[in-house]
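# A closer look at the structure
Chain by chain, the residues:
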Amino acid sequence: MLNSKFSVAIYDGDIGGLMTAIALQHFSKECKDIKIDIYEATPKFTDIRAEILFWMHPFKIFQTLRLGPDLFKLAGMQSNDFGPLGLIGFHCGQFLEALVAHLNPERVTIHFDKHLVTYFQEEGAGLPVEMQFMSGTTATADVLIGSDRIRSAVWHIILESLEVKLGATGLKKDWVLSSTLQNSINLVCSGLVTYCGIIPCAKVEEAHPEMQVLLGPVIYIGKNKDITTYLIAKGTLINILAVVNYPEMKGMKYEGKLSMEHSQEELLQNYKGWEEQVQHLLQAHGITPGQASGAGEAIEDTYILAVLLSDASTTLSTLPTAFKVYKSICLSHANNVHQHSMLSSDMTGFSNLQSFNQVEDATEVDMSNLWDLGFAIVKNWK
């Protein structure tokens, strides 16, 4: 690209990465002065999640970026119809395809099979980042944005380089600083296991036409467990998120797989004794465990970052200032979302709540407390 003020490399092409590219091409469409490259580790864009769910706020961003009409059409909904919970759900693969269709090949270059091994940046303002890939190839950019989710290679490399610098300066002897850095490098378990799955509505309706999940969102809650269902793909599929909370694992270092196959028997055992409709639902289709999505938060963050990078006052020399502004806006909000997410899990699982400390399976509870809990859950979502 001629006369680009700086180049941006996005690693890799998940929802956050694709949205970053779309937002950058949108806000720099007049000057076309930002070179955009996406480096994807796999041979094509994929996502292990079965579904993705958005509140209304990200859709305001979709509308600004001219994505709204196509996404509403994909969901089979009207532009002002967000359902009773204010949510819209998508099949994840279809959603990714819709985003890719909005990438302008004249503005965005996509590179597949680019598994990042490491990157380097010499000390000094305005010096480029050099990326090295498993294939033996390299690439450079002025800005590297890591959108490779929870086990981010970019984030890991940043923290490891900081650890080396601490050792070189002697600051690594600071136990608090060193411990904080190690905790940031290592994954910490939330204590939550989420079983995800999709069931065709026709299959459920044929066997059990009376089930409430065919009409709209339903949330079943119990001690350290909950199940959320809602319709996606124009109302033809039911998405299921079955969450099991293991409080004793919260905060522990986690080194296992993020997603794996588990038996249906294991899932049914976790919800043994729950009402008949739940049993029918869980027996209708195999469900695999996975991780909950922070896609909505990623979209808001990428929107703000794109606005800052595309601003006329942001140049190669003022990039550090732009990133400081981004951090001041997004970091506290992201921490707040995390806290509310954990509180929501506690509420729907009767965990760490004074009114329900003694609640176990098959325990009778005060209905007034249940009403109070319901209002508190809704308030926390807002």
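Each remark here, short or long, concerns the structure printed above.
Our subject in this report is the structure included herewith. Source: prediction; values computed, not measured.

Okay, the overall build of the protein chain next. Across its full length, the protein chain carries 12 helices and 14 strands. Put simply, the protein chain has 382 residues, and 43% of those count as buried. Restricting to contacts in the protein chain with at least 6 residues of sequence separation, those with at least 24 account for 71%. Total accessible area computed for the protein chain in this model is approximately 20600 Å², and 56% of it derives from carbon and sulfur atoms.

Turning our eyes to something else, we now look at the pattern of salt bridges. One pass over the full model with this rule turns up one salt bridge. Ionic pairing is found between Asp 37 and Lys 35, a salt bridge with its closest N-O pair at 2.6 Å.

Together, Met 367, Trp 371 and Phe 375 make up an exposed nonpolar region whose accessible area comes to about 410 Å². Topologically, Trp 371 is positioned in helix α12 (residues 367-381).

Attention now moves to unusual backbone geometry. Cis peptide bonds are those with omega within 30 degrees of zero, and the linkage from Tyr 11 to Asp 12 qualifies with 0 degrees. Looking at where Asp 12 falls in the secondary structure, it is placed in the loop between β1 (6-11) and α1 (15-27). We note that Arg 66 has phi near 70 degrees; this positive angle belongs to a residue other than glycine. Residue placement: Arg 66 occurs in the loop between α2 (56-64) and α3 (68-75). A positive phi is found at Asp 113, a non-glycine position, where the angle reads about 55 degrees. With respect to the secondary-structure elements, Asp 113 resides in the loop between β5 (108-111) and β6 (116-120).

As summarised here, the arrangement of the four strands in space is β5-β2-β1-β9, forming an open sheet in which the pairing is parallel. One side of each edge strand has no neighbouring strand; the edge strands of this open sheet are β5 and β9 (143-146). The sheet shows a mean angle of 20 degrees between the axes of neighbouring strands, taken without regard to direction. For β1 and β9, the ladder comprises four bridges, and the chain directions are parallel. Bridge pairing in β9 places Tyr 11 opposite Gly 146.

This part is about the pairing of strand β11 (residues 218-222). Across the two faces of β11 the burial differs, with Val 218, Tyr 220 and Gly 222 buried and Ile 219 and Ile 221 not buried at all. Counting the residues that bridge the hairpin from β11 to strand β12 (residues 225-232) gives two residues, and of these Asn 224 lies at a positive phi of roughly 60 degrees.

Here we take up the side chain of His 26. Residue position: His 26 is located in helix α1. Judged by relative accessible area, His 26 falls into the buried class, the value being 14%. Beyond its immediate sequence surroundings of up to four residues, His 26 is in contact with Thr 64, Leu 65 and Arg 66.

The terminal C-alpha atoms of α1 lie 18 Å apart, and with 13 residues this matches the ideal 18 Å at 1.5 Å per residue to within 8%. Ile 15, Gly 16, Gly 17, Leu 18, Met 19, Thr 20, Ala 21, Ile 22, Ala 23, Leu 24, Gln 25 and His 26 are the residues of α1 that are buried. The opening residue of α1 is Asp 14, an N-cap whose side-chain oxygen sits 3.2 Å from the backbone nitrogen of Gly 16.

This part is about the side chain of Asp 14. Positionally, Asp 14 belongs in the loop between β1 and α1. For Asp 14, a relative accessible area of 7% puts it in the buried group.

Quick notes on the rules
- Residues numbered from 1 in each chain as written.
- Predicted model: local features only at pLDDT ≥ 70, side-chain atom pairs only at ≥ 80, totals over all residues.
- Heavy atoms only, no water.
- Helix = DSSP H or I, 4+ residues; strand = E, 2+ residues; numbered from the N terminus.
- Buried < 20%, exposed > 50% of the residue type's maximum accessible area, 1.4 Å probe, protein only.
- Contact = heavy atoms within 4.5 Å.
- Areas by Shrake-Rupley, 256 points an atom, 1.4 Å probe, with all protein chains shown as cover.
- Salt bridge = Lys/Arg side-chain N within 4 Å of Asp/Glu carboxyl O.
- Patch = residues over 30% accessible without salt bridge, like charges linked within 9 Å, V, L, I, M, F, W, Y side chains within 5 Å.
- Pairing = 2+ DSSP bridges.
- Axes fitted to C-alpha atoms, helices over the stretch in contact; angles between N-to-C directions.
- Expected span 1.5 Å × (residues − 1).
- Polar contact = N/O pair within 3.5 Å; in protein donor to acceptor, adjacent residues only side chain to side chain.

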